[in-house]
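# Residue-level structure breakdown
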Amino acid sequence: MSSYSVEKLIDVIKKLPSDKEVSIGTQGYNLYSSQKSHWLGWLDSKSNSGTYQRKDAPNRGAKFVYNHIMEPKMLLWLILSSGIDMKLVTQAEENAANAKSMASSCAAIRKVVSWEALELVISNK
C-alpha cells in the first residue's frame with residue numbers, strides 16, 4: 001500500500017511549477033485558471049471552489065486520488081510537471097486523445113503512467 005497521504009501529495013503539488021493560466025470556465029479547469037490550482041482546490045476537502053466537495057475518507061491516500069481523477073488535463077499536468085520521462089508523457093497524451101470519453105482518457109493515461117511510476121518520481125521532490 002502506498003504511504004503517500006493526500007497531505008503529502010498537496011505538499012508535492014505546491015512545489016511543482018504551475019501551468020499556463022487560462023480563463024475561468026475553460027473546459028477541464030472547472031472554476032480554476034490552472035491545473036495546479038485545480039488540483040490544490042480539489043484536494044482541499046474544505047474548499048468550495050469545485051463542482052462538488054471532495055470528502056476525506058480513512059485509508060484513501062494519494063494513490064486512491066490519482067486513480068479516481070476523471071479529468072485528463074489534471075492527470076497530464078501532474079505527470080508532466082513531476083518530471084516523468086517525456087516519452088511516457090507523449091504516449092499518455094496520445095492515448096488520452098484517442099479515447100472516447102473522459103473516463104477512458106484517464107484510464108489510458110494511468111495505463112502509461114501508473115501511480116507507482118509517478119510516486120517514484122515525486123518521492124524525490
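So, here's what we can say about the structure. (Residues numbered from 1 in each chain as written. Predicted model: local features only at pLDDT ≥ 70, side-chain atom pairs only at ≥ 80, totals over all residues. Heavy atoms only, no water.)

## Topic: the overall build of the protein
- The helix and strand tally for the protein stands at 7 helices and 0 strands.
- Listing every helix and strand of the protein by position from the N terminus yields α-α-α-α-α-α-α.
- The buried share among the 125 residues of the protein stands at 43%.
- Once local pairs closer than 6 in sequence are excluded, the contacts in the protein between residues at least 24 apart make up 62%.
- Of the accessible surface of the protein, which amounts to about 7100 Å², a share of 55% is contributed by carbon and sulfur atoms. (Helix = DSSP H or I, 4+ residues; strand = E, 2+ residues; numbered from the N terminus. Buried < 20%, exposed > 50% of the residue type's maximum accessible area, 1.4 Å probe, protein only. Contact = heavy atoms within 4.5 Å. Areas by Shrake-Rupley, 256 points an atom, 1.4 Å probe, with all protein chains shown as cover.)

## Topic: the packing of helix H4 (residues 72-82) against helix H7 (residues 115-122)
- The contact between H4 and H7 brings their axes to 9 Å, and the two run at 40 degrees. The orientation of H4 relative to H7 falls into the category oblique. H4 and H7 meet at a crossing whose hand is left-handed. Facing H4, whose interface residues are Leu78, Ile79 and Ser82, H7 presents Leu118, Val121 and Ile122.
- Here the residues of the contact of H4 with H7 are counted per class, giving 5 nonpolar, 1 polar and no charged. (Axes fitted to C-alpha atoms, helices over the stretch in contact; angles between N-to-C directions. Parallel < 35°, antiparallel > 145°, perpendicular 65-115°, else oblique. Left-handed = near helix turned anticlockwise from the far one by under 90°. Nonpolar A, V, L, I, M, F, W, Y, C, P; charged D, E, K, R; others polar.)

## Comments concerning helix H1 (residues 6-15)
- Every buried residue of H1 is listed here: Val6, Leu9, Ile10, Val12 and Ile13. Angularly, the buried residues of H1 cover 165 degrees about the axis, an arc narrow enough to put them on a single face. H1 presents Glu7, Lys14 and Lys15 as exposed residues on the side facing more than 90 degrees away from its buried surface.
- Those residues of H1 hidden inside the fold are in contact with helix H2 (35-43), helix H3 (62-68), H4 and H7. (Arc of directions from axis to C-beta.)

## As for the environment of histidine 38
- Structurally, histidine 38 can be placed in helix H2.
- Note: C-alpha distance between histidine 38 and glycine 28 (10 residues apart in sequence) is 9.1 Å.
- When sequence neighbours within four positions are dropped, the list of residues in contact with histidine 38 reads Gly28, Tyr29, Asn30, Tyr32, Glu71 and Met74.
- Of the polar contacts made by the side chain of histidine 38, one reaches the backbone oxygen of glycine 28; its length is 3.3 Å. (Polar contact = N/O pair within 3.5 Å; in protein donor to acceptor, adjacent residues only side chain to side chain.)

## Observations concerning the packing of aromatic side chains
- Across all of its chains, the model carries 2 aromatic pairs by this definition.
- The interplanar angle of 75 degrees and the centroid separation of 5.6 Å between the aromatic rings of tyrosine 4 and tryptophan 115 together place this pair among those described as edge-to-face. With tyrosine 4 in the segment before H1 and tryptophan 115 in helix H7, the pair connects residues that are 111 residues apart, well separated along the chain.
- On the accessibility criterion, tyrosine 4 (4% relative accessible area) is buried.
- Given a relative accessible area of 1%, tryptophan 115 falls into the buried group.
- Above the plane of the ring of tyrosine 4 lies lysine 8, whose end atom (NZ or CZ) is 4.4 Å from the centre. (Phe/Tyr/Trp six-rings, centres within 6.5 Å; stacked < 30°, edge-to-face > 60°. Lys NZ or Arg CZ within 6 Å of the ring centre and 35° of its normal.)

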